[in-house]
Amino acid sequence: MEGLTVQENSVIETKAGVELYVEATVGVIATIKANSKVKVEAPVAALNLDAVLDLQQGNVISQVDPKAKAKYGVRTPCVGTGFLDTRQSLIRRLKG
């Protein structure tokens, strides 16, 4: 399914063998990997963020277009979280 809108506070769960691509905000594509659970949170004005994903289980890989100047965050558990910043920023939660 393409072109669907995901409402704030929605929870997205993927099963084995399934990945889901979500445009979190303009210039940000979040790939929700198999066996993951992510809550789409309301933008956080106090932190000046346009979009926030709460990774509750599994893995998310985010591709951020540097030209878009996106203000985007991924909330993760502290343990086993890794970040790699490249021209197209990748943010990934490592299995721990």
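Refer to the structure presented above.
Right, let's walk through the structure included here. (Residues numbered from 1 in each chain as written. Predicted model: local features only at pLDDT ≥ 70, side-chain atom pairs only at ≥ 80, totals over all residues. Heavy atoms only, no water.)

## Concerning the overall build of the chain
Phase 1 of the analysis: Secondary structure summary: the chain contains zero helices and nine strands in total.
Phase 2 of the analysis: Along the chain, helices (α) and strands (β) appear in the sequence β-β-β-β-β-β-β-β-β when read from the amino end.
Phase 3 of the analysis: Burial analysis of the chain (96 residues in total) assigns 30% to the buried set.
Phase 4 of the analysis: Expressed as a percentage of contacts within the chain between residues at least 6 apart in sequence, the contacts between residues at least 24 apart total 42%. (Helix = DSSP H or I, 4+ residues; strand = E, 2+ residues; numbered from the N terminus. Buried < 20%, exposed > 50% of the residue type's maximum accessible area, 1.4 Å probe, protein only. Contact = heavy atoms within 4.5 Å.)

## A short note on unusual backbone geometry
Phase 1 of the analysis: In this model, Asn9 sits at a positive phi of 70°, which is unusual for a non-glycine residue.
Phase 2 of the analysis: By secondary structure assignment, the location of Asn9 is in the segment before strand S1 (11-13).
Phase 3 of the analysis: If you check the backbone angles, Asn35 has positive phi at about 60° while not being a glycine.
Phase 4 of the analysis: The residue Asn35 is located in the loop between strand S3 (28-32) and strand S4 (37-41) in this model.

## With respect to the nonpolar core
Phase 1 of the analysis: Grouped together as the largest cluster of nonpolar side chains are 14 residues, with contacts concentrated most on Ile32, Val38, Leu53, Val60 and Tyr72.
Phase 2 of the analysis: Setting aside residues no more than four positions away along its own chain, Val38 makes contact with Ser10, Val11, Ile12, Ile32, Leu53, Asp54, Leu55 and Val60. (Core = buried A, V, L, I, M, F, W, Y, C linked by side-chain atoms within 4.5 Å.)

## Regarding the sheet that holds strand S5 (residues 51-57)
Phase 1 of the analysis: Spatial ordering of the open sheet is given by S1-S4-S5-S7, a layout of four strands whose pairing is mixed. For this open sheet the edge positions go to S1 and strand S7 (72-75), each flanked by a neighbour on one side alone. Across the sheet, the axes of successive neighbouring strands diverge by a mean angle of 20°, strand direction being ignored.
Phase 2 of the analysis: As paired elements, S1 and S4 share three bridges and run antiparallel to each other. Counted as the bridge partner of Val11 is Lys39 from S4. (Pairing = 2+ DSSP bridges. Axes fitted to C-alpha atoms, helices over the stretch in contact; angles between N-to-C directions.)

## Digging into the layout of surface pockets
Phase 1 of the analysis: Space inside the largest pocket adds up to approximately 460 Å³.
Phase 2 of the analysis: Looking at the largest pocket, it is lined by 20 residues, and the ones nearest its centre are Leu4, Thr5, Val6, Val22 and Glu23.
Phase 3 of the analysis: Looking at the lining of the largest pocket element by element, the count peaks at five residues for strand S2 (residues 20-25).
Phase 4 of the analysis: Classifying every residue of the lining of the largest pocket gives 13 nonpolar, two polar and five charged. (1 Å grid on protein atoms, 1.4 Å probe; cavity = no way out; pocket = protein on both sides within 12 Å on 5 of 7 lines; lining within 4 Å. Points joined across faces, edges and corners; volume = space filled by probe spheres on them. Nonpolar A, V, L, I, M, F, W, Y, C, P; charged D, E, K, R; others polar.)

## Describing the environment of Asn48
Phase 1 of the analysis: Relative to the elements of secondary structure, Asn48 occurs in the loop between S4 and S5.
Phase 2 of the analysis: Given the relative accessible area of 46%, Asn48 is considered partly exposed.

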